[in-house]
Amino acid sequence: MKEAERILNSFETPSNIATHEFKCGDVSGAVLMNPDLADDGVGRSVLFALEGENAKHLSTLDDFSRYSVIDAETEIVTDANDATERLLGGDLLVCVEGDERYLVVAARSYPTRGITEPPTETVLRGPREGFIENIKTNLSLLERRLKTPDFAIDRIKIGRRTKTDAAVCYLASVAEPRVVKKVKERLKKIDIDGIIDSQYLVPYIEEKPLSIFKQTGVSEKPDVVAAKILEGRVAIVVDGSPMVVTVPFVMVEEFQSGDDYYQRSSYSAFIRVLRYLGLVLATLLPGLYVALQNFHYTLIPVRFMITLMTSIKGLPLSPLAETLVVLFLFEIIREASVRMPRAVGMAMSIVGALVLGETAVNAGIISSPAVMITALSSIALFTVPNLIGPMSVLRMAYTLIGGLSGLFGLILAVLITLHYICSLNAYDSPYLAPFTPLVYSDLKDSVERVAYPDMKKRPTSVPNQNPTRQA
């Protein structure tokens, strides 16, 4: 029949599409389905219903849909391209001879993994659910937490070939309409062959996509994303990806963890101070060590200076070259431990660091203080896991600058970096808020975290149209 042939002719090799012809009274028709993506049980039930006694008096697609002969969600579409996309997505198509429309039957059945705790955001307390690669499941996890009529989900397809399903989620009465409109416009302008993961969208929605600092939040936990939506942010959920992107984004979010909100506020404040100190220590310690050793050795305490001189005596490398070599060595070990199978990854990182470090020190290639400084810096960097990438680059740059120009060059480099970070502003949210500009009301959830009864207002650093959180 020509209605079914119109769909099949659009395929280069339609062998992956199964066609089943049926006779319903005086009406002839066909059912098209993709066996790899559609539920076989739904396909059999549709054919059984169409060829059954109860369907003999039906003659049009409107009859099939109106009288619910098919026990599944149905929709009539008139566009052949739309029908083809539904078929490729796993739905069934019912064609009736003489009718140019198509009846779409929901029959998608994808193999997906179960909901487990995400490996990137483990918590000691609080929910342990994580997003998976199915957009329907991910949206249901958010809807279960946001039981309000103004929770909006705007669906969109991105990618000329993949036709990837995406959803823009926000609270209509809280989110700033300008932000929502800008996000939708940027997503609709994307013209690309395919979207495989949500990170494909990030360069299109960031203000400065070439910056080493990201300007979008990302999370695998539904409770974290729901909390950000409640503050007025917009979440972007993409089919096939467990990572949900949120905007607007400020840097202070990197120092916040799900654990902070499920334990005593005083302890959360203490942990956050450690994160800030750990990041400063991780980024500046190697550069400071090299600068003091090369240019400002008089500032080093005498006892430590004696130990240091004893350790570096006879080494073939300069302090700068030595520190850079150790930094590169630790980066290689870290990358290898991440890429290797989990069963040997941990052993690789421990044995590699211990054996190579000890051997290099005993061989007189590097000094033990350089190994200790680099190891301390690398460990401290993991206090803020989401900043490992940009801070590793900055650490290398600061070490090089400190070794070539001393403390003055290092201080100047830090000031230039701070000036650049202060200039970032995405979706009307200053990147360093609430510190620069100083927003007193938002300090309650920055370095410290006050108790929930004191969080009466939403953060003003994030544009929103309803600042009141609780009475």
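Because the structure is predicted, anything quoted here is derived from the model rather than measured. Here, residues in each chain are numbered from 1, in the same order as that chain's written sequence. Two thresholds apply to this predicted model, a pLDDT of at least 70 for residue-level local features and 80 or more for giving and counting side-chain atom pairs, whereas whole-chain, interface and lining totals are computed over all residues. In computing side-chain values, all of the structure's heavy atoms are included and hydrogens and water are not.

**Q** Even after reading the chapter, I still don't get the overall build of the chain, so can you show me in this structure?
**A** Put simply, DSSP marks the helices as runs of H or I at least four residues long and the strands as runs of E at least two long, and each gets a number from the N terminus on. On a plain count of helices and strands, the chain comes out with 14 helices and 12 strands. The 471 residues of the chain split such that 48% are buried. Contacts were defined at the residue level, with two residues in contact if any of their heavy atoms lie within 4.5 Å. Of the contacts formed within the chain by residues at least 6 apart in sequence, a portion of 64% connects residues at least 24 apart. The Shrake-Rupley method, run with a 1.4 Å probe, gives the accessible areas here. Residue values count only the displayed protein chains as cover. When the accessible surface of the chain is totalled, it reaches about 23900 Å², and 60% of it is carbon and sulfur. Throughout this description, buried means an accessible area under 20% of the type-specific maximum (1.4 Å probe, protein chains only), exposed means over 50%, and partly exposed covers the range between.

**Q** Explanation requested: the sheet that holds strand β7 (residues 164-171) in the structure shown.
**A** Two strands qualify as a pair provided that DSSP identifies no fewer than 2 bridges between them. Taken in spatial order, the 5 strands of this open sheet run β6-β7-β9-β10-β8, and their pairing is antiparallel. Strands with a single pairing partner mark the edges of an open sheet, and in this sheet they are β6 (151-158) and β8 (217-219). Each strand of the sheet is rotated relative to its neighbour by a mean of 25 degrees, with strand direction disregarded. In this structure, strand β9 (residues 234-238) lies alongside strand β10 (residues 244-247), joined through 3 bridges in antiparallel fashion. Paired with Val234 across the strands is Val247, a residue of β10. Helix axes use the C-alpha atoms of the stretch in contact, all axes being lines fitted to C-alpha atoms, and the angles between their N-to-C directions lie in the range 0 to 180 degrees. Sheet strands touched by helix α5 (residues 135-145): β6, β7 and β9. Its angle to β7, the strand with the most contacts, is close to 10 degrees.

**Q** Even after reading the chapter, I still don't get the nonpolar core, so can you show me in this structure?
**A** Nonpolar core, defined: a set of buried Ala, Val, Leu, Ile, Met, Phe, Trp, Tyr and Cys residues in which side-chain atoms within 4.5 Å join the residues together. Grouped together as the largest cluster of nonpolar side chains are 25 residues, with contacts concentrated most on Phe213, Met251, Phe255, Leu279, Leu387, Met391 and Tyr431. Among the secondary structure elements, those contributing two or more residues to this core are α9 (265-294), α13 (368-381) and α14 (388-423). A total of 8 residues in this core trace back to one element, the largest contributor, which is α14. When neighbours within four sequence positions are excluded, Phe213 is seen to be in contact with Met251, Pro390, Met391, Leu394, Thr417, Tyr420, Ile421, Leu424 and Tyr431. By size, the runner-up hydrophobic cluster in this structure holds 23 residues, among which are Ala152, Ile156, Leu187 and Ile190.

**Q** Hey, could you run me through the pattern of salt bridges in this one?
**A** The rule for a salt bridge is simple: a side-chain nitrogen of Lys or Arg has to be within 4 Å of a carboxyl oxygen of Asp or Glu. The full count for this structure, using the stated rule, is 27 salt bridges. For Asp428, the salt bridge is made with Arg178, and the minimal N-O distance between the two is 3.1 Å. Of this pair, Asp428 sits in the loop between β11 (425-426) and β12 (429-430) while Arg178 sits in helix α6 (residues 177-188), placing them 250 residues apart in sequence. Looking at Asp428, the relative accessible area reads 43%, which means it is partly exposed. Asp260 serves as the salt-bridge partner of Arg272, at 3.1 Å between the closest nitrogen and oxygen. One end of the pair, Arg272, is in helix α9; the other, Asp260, is in the loop between β10 and α9, with 12 residues separating them in the sequence. Grouping residues by exposure puts Arg272 and Asp260 together as buried. Each of the salt bridges in this network shares a partner with another, and the network as a whole consists of Asp91, Arg108, Lys157 and Asp165.

**Q** Is there a simple way to think about the side chain of Ser378 in this case?
**A** Relative to the helices and strands, Ser378 is located in helix α13. Setting aside residues up to four positions removed in sequence, Ser378 forms contacts with Phe330 and Arg395.

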